[in-house]
Amino acid sequence: MLFRSLLTLLAMGSVVPAQPGFANASAAIPFDRVGGGLGGAAWLDYDRDGDLDLMLPSGAGGRCGLFRNDPSGFVDVAAQAGLTSTRGFGAVVAGDLDNDGWPDLFLSGDGSMMTPAATPSAVYRNNGDGTFRNVTETSGVVGGPSPLSAALGDLDNDGWLDLFITSSGSQATKTQHRNQLYRNNGDFSFTDISASAGVDTANGACAVAMLDYDRDGDQDILVAVCHDAYFKLTPFELFRNNGDLTFTDVAASAGLDQPGFWMSVTPGDYDNDGDVDVFATNSGGVGKAHALLRNDGDGTFTDVAAAAGVAGFEFGWGASFLDVDNDADLDLFFAGSLPMPPFRIIGPGRGNPGRLLFNQGDGTFAEIPGAQPVDMSRLYTTGVAQADYNGDGCADLVVVVGRQGPIPGQPILLRNLGSANHWLGVRLVGSHGNHGGVGAFVEVIAGPRRQVREVRAGSSFLCSESPWPLFGLADAQLASARVTWPSGRCETFDDLAVDRYVTLAEGAGAPEGSFVPFGVGCPGSVGVPRLAATGAPALGARLAMQLDNLPVGSAGALLVGVSRHRFGAVGLPSSLASLGAPNCSLYVSGEVVLPLRTGLGRVAWRVAVPAVPAFAGRWFGQQALLVDAAAPGSVTVSNAGLAWVGR
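Residues numbered from 1 in each chain as written. Predicted model: local features only at pLDDT ≥ 70, side-chain atom pairs only at ≥ 80, totals over all residues. Heavy atoms only, no water.

Q: Before we go on, may I ask you to explain empty space enclosed by the protein in this structure?
A: Empty pockets left among the atoms are what a rolling probe the size of a water molecule brings to light. Counted according to the given criterion, the structure contains 2 cavities of 30 Å³ or more. Looking at the largest cavity, its volume works out to about 460 Å³. Where the lining of the largest cavity is concerned, the elements lending two or more residues are β18 (266–268), β22 (319–322), β26 (380–387) and β31 (449–454). Taken together, the residues of the lining of the largest cavity sort by class into 17 nonpolar, 8 polar and 8 charged. (1 Å grid on protein atoms, 1.4 Å probe; cavity = no way out; pocket = protein on both sides within 12 Å on 5 of 7 lines; lining within 4 Å. Points joined across faces, edges and corners; volume = space filled by probe spheres on them. Helix = DSSP H or I, 4+ residues; strand = E, 2+ residues; numbered from the N terminus. Nonpolar A, V, L, I, M, F, W, Y, C, P; charged D, E, K, R; others polar.)

Q: Would you take a moment to explain the layout of surface pockets for this structure?
A: Taken as a whole, the second largest pocket encloses approximately 540 Å³ of empty space. Considering the residues around the second largest pocket, the lining is formed by 27 residues, among which G101, H435, G436, P467 and W468 are closest to the centre. Top element by residues in the lining of the second largest pocket is strand β29 (residues 422–429). It accounts for 3 residues. For the lining of the second largest pocket, the class distribution of residues is 13 nonpolar, 8 polar and 6 charged.

Q: Help me out: how do you make sense of unusual backbone geometry in this one?
A: Note on backbone geometry: most residues besides glycine have negative phi, and most peptide bonds are trans. Despite not being glycine, N157 shows a phi value in the positive range, around 55 degrees. Within the secondary structure layout, N157 lies in the loop between β10 (147–153) and β11 (162–167). With a relative accessible area of 36%, N157 lands in the partly exposed category. At K174, a residue that is not glycine, the phi angle is positive and equals roughly 55 degrees. Looking at the secondary structure, you find K174 in the loop between β11 and β12 (180–184). (Buried < 20%, exposed > 50% of the residue type's maximum accessible area, 1.4 Å probe, protein only.)

Q: Which parts of the structure should I look at to understand the nonpolar core?
A: Most often, soluble globular proteins keep nonpolar side chains buried together rather than apart. Membership of the largest hydrophobic core comes to 39 residues, with the highest contact counts inside it found for W43, L54, F333, M376, V398, I412 and L413. Breaking this core down by element, the ones donating at least two residues are β3 (53–56), β24 (355–359), β26, β27 (396–402) and β28 (412–416). For this core, the element with the highest residue contribution is β27, accounting for 5 residues. Here V398 is in contact with I29, A41, W43, L54, G383, V384, A385, P411, I412 and L413, once residues within four sequence places are set aside. A91, L148, L211 and L462 belong to the second largest nonpolar core, which has 38 residues in total. (Core = buried A, V, L, I, M, F, W, Y, C linked by side-chain atoms within 4.5 Å. Contact = heavy atoms within 4.5 Å.)

Q: Explain the pattern of salt bridges here, please?
A: When charged atoms on two side chains of opposite charge get close, those side chains can pair. Inspection of every chain in the model, using the stated rule, returns 15 salt bridges. With its nearest N and O atoms 2.9 Å apart, the salt bridge here joins R68 to D70. Exposure remark for R68: the relative accessible area of 27% places this residue in the partly exposed category. With a relative accessible area of 17%, D70 lands in the buried category. (Salt bridge = Lys/Arg side-chain N within 4 Å of Asp/Glu carboxyl O.)

Q: Quick question: what am I supposed to make of the state of the cysteines here?
A: Two cysteines joined by a covalent bond between their sulfur atoms form a disulfide. The final tally for this structure, using the stated rule, is 1 disulfide. Across the disulfide, C206 is cross-linked to C226 (sulfur-sulfur distance 1.8 Å). Disulfide C206-C226: the torsion about the S-S bond is 65 degrees, which places it as right-handed. Within this pair, whereas C206 is found in strand β14 (residues 205–211), its partner C226 is found in the loop between β15 (220–225) and β16 (237–241), the two being separated by 20 residues in sequence. (Disulfide = S-S within 2.5 Å.)

Q: Before we go on, may I ask you to explain the sheet that holds strand β23 (residues 331–334) in this structure?
A: Sheet strands pair via backbone hydrogen bonds, and the direction of the pair is either parallel or antiparallel. Strands sit in the order β22-β23-β24-β25 across an open sheet of 4 strands; the sheet is antiparallel. On the outer flanks of this sheet lie β22 and β25 (365–366), each paired with one strand and no other. (Pairing = 2+ DSSP bridges.)

Q: So what exactly am I meant to see when it comes to the pairing of β3 here?
A: In summary, the side chains of a regular strand alternate between the two faces of the sheet. Burial along β3 is two-sided: the face carrying D53 and M55 and the face carrying L54 and L56 are both buried. The pairing of strand β2 (residues 42–44) with β3 spans 3 bridges and is classified as antiparallel. Each residue of the ladder has a partner; that of W43, found in β3, is L54. Sheet topology places β3 next to strand β4 (residues 65–70); 3 bridges connect them, and they run antiparallel. Within β4, the residue paired with L54 across the bridge is F67.

Q: Would you take a moment to explain the environment of V609 for this structure?
A: Checked against the element boundaries, V609 lands in the loop between β44 (603–608) and β45 (619–627). The class of V609 is buried, set by a relative accessible area of 4%. On a C-alpha basis, the gap between V609 and A538 in space is 6.7 Å, while along the polypeptide they are 71 residues apart.

Q: Would you mind showing me how to read the environment of L107 here?
A: With respect to the helices and strands, the residue L107 is situated in strand β7 (residues 104–109). Sequence-distant contacts of L107, defined by excluding residues within four places in its chain, comprise M55, P57, C64, F89, A91, V92, S121, A122 and Y124.

Q: Would you mind showing me how to read the sheet that holds strand β13 (residues 190–192) here?
A: With respect to topology, 4 strands assemble into an open sheet ordered β10-β11-β12-β13, the strand pairing being antiparallel. The open sheet terminates on both sides in strands that have one partner only, identified here as β10 and β13. Across the sheet, the mean angle from the axis of one strand to that of its neighbour is 25 degrees, orientation sign disregarded. Taken together, the 3 bridges between β12 and β13 define a ladder with antiparallel strand orientation. Opposite R183, over in β13, you have T191 as the bridge partner. (Axes fitted to C-alpha atoms, helices over the stretch in contact; angles between N-to-C directions.)

Q: What is the right way to read the side chain of Q622 from this model?
A: As for its position among the elements, Q622 is in strand β45. Setting aside residues no more than four positions away along its own chain, Q622 makes contact with L531, M545, L558, L559, V560, V588, W605, V607, N639, A640 and G641.

Q: Quick question: what am I supposed to make of the environment of P529 here?
A: Note that P529 resides in the loop between β37 (514–518) and β38 (530–534). Residue classification places P529 among the buried positions, given a relative accessible area of 1%. It is 9.7 Å that separates the C-alpha atoms of P529 and L626, two residues lying 97 residues apart in sequence.

Q: Would you take a moment to explain the packing of aromatic side chains for this structure?
A: Two descriptors summarise a pair of aromatic rings, namely the distance from one centre to the other and the angle between the planes of the rings. Per the stated rule, a full pass over the model turns up 15 aromatic pairs. Seen from their ring centres, F236 and W262 are 4.5 Å apart, and the 20 degrees between their planes marks the pair as stacked. Remark: W262 occurs in the loop between β17 (247–249) and β18 and F236 occurs in the loop between β15 and β16; sequence separation between them is 26 residues. Each member of the pair, F236 as well as W262, is classed as buried. Taken together, the ring pairs connect W43, F74 and Y389 into an aromatic cluster. One cation-aromatic arrangement involves R48 over W102; the distance from NZ or CZ to the ring centre is 4.6 Å. One cation-aromatic arrangement involves R427 over W468; the distance from NZ or CZ to the ring centre is 4.2 Å. (Phe/Tyr/Trp six-rings, centres within 6.5 Å; stacked < 30°, edge-to-face > 60°. Lys NZ or Arg CZ within 6 Å of the ring centre and 35° of its normal.)

And the structure:
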């Protein structure tokens, strides 16, 4: 009965209810995007002062805006920062191209699909003193006639971020142009390897994401093909990384062969099963519905958009997965319109008003009336990017707006109203790979909930979202994180306090294949029982376990929790106050309960780790709980121990 009661204590309480939504804070970033072309935005901490600044490119004839995030509000410092060009840009991607700790910028040209040729692209190097300098000429990044979106990622795991640029082609000339892949040489120069890598297709690409869709340790390339010069519906391109700087298009075998006008690709683990799913916007209407591509975990995807309730909305460009209410699952926002002839997809009944869809936790999404306060149907909206710009742990949104006749190109800033739920923000510092940890997988466990974010530079359509993953934790008050770095190193970081940002540095965590003490025990008559281990938990190994500082003659149980998913062995700390131990906590889920009796004040045993490949990377937790023979009715508890099985 005692241990049945203990297991009952582990059941989660109900999530604190909240009234989620946004407020219109657009007045904080006065800006007018001119030029008529498609535009993006980037969130980055360009001055490394610990908060996120906002970069907004302008079209031809206008200047970019760089809005420094100060305690008093946003201040446009583009001129002081050296970002004074007026030739016009579209997309912006932020990433540390030289691993000096300061984020640099790539900007694609303005114009692309609706003009004979776009304006030139540009590369700006962060000088580390609040200014940038244009290094396009020496970088070797030429850019094609119709560059549109871009993304950065370390495709060969050499520690340097490589650059992929999509080419939309030109409606004006009925010409398609080839996509481009530039390898980072490590000295702020790049080499065009598009042809040798096998990715120089010319099907009219609108967007790109670098993601490790098959979790094999290297980043792949997913391309949204939106714009055949003759308006031909076209499938995605999914370039699987072969590990030698060549790629194979596996879209058909991966289930991504459905044709469409695919405008964006937005990765995110919306169903919390540990792999990366994708939302893709389409032009809307019959045969051109949006797609929600559920990752099946075997290298294939299934489009579940209709069943999820996200298929049948209007035209869309940019999108974002974000946990609006911090309830531990990802919600979805997307927007977009196309006012130019012959499309004229704008205005009531045609233009997208800005769709905010809340994850219901059962594979479906639903709108909440009034949660999104701005009707965007009459606005020329394009890029979308999320970030927690005010550091309150709640994801905010910026939506890029282009000037349309007398309507200015004033971006929309949506400030999250917040919720009572807890959260955790993560900043990564790489040392054996790229400095910002782009391409890393961050897994956070808080109670029974497990979430995954992949760090990326370049998102959805023309944008860069926050480089700092943000996790809603619902009512959990303690968290652990596992980071799989681009270098291949896997580490865990335990006992993370919530409602704050934490910096996780590569090499500072507990490595895979280690035993990690977790939590604090509760003293008995001879002190706090100590749980320790000797040896490394690897496949087929035998781990020597020992408990000491035990009251002689006490009896109890060893609780063992084995995770099906990483971190599953650890539960939300449960109070043992009802058992006479008000200051004790139980951390282990107790899927297995073994009898434990002490004679000499210590107990030793061995744990055989199964020699099964599927067990690699999993955790098992152990914790002892005893009734103190020297103080009948008094409970004593050891610390918890987590064994992380190495490969």
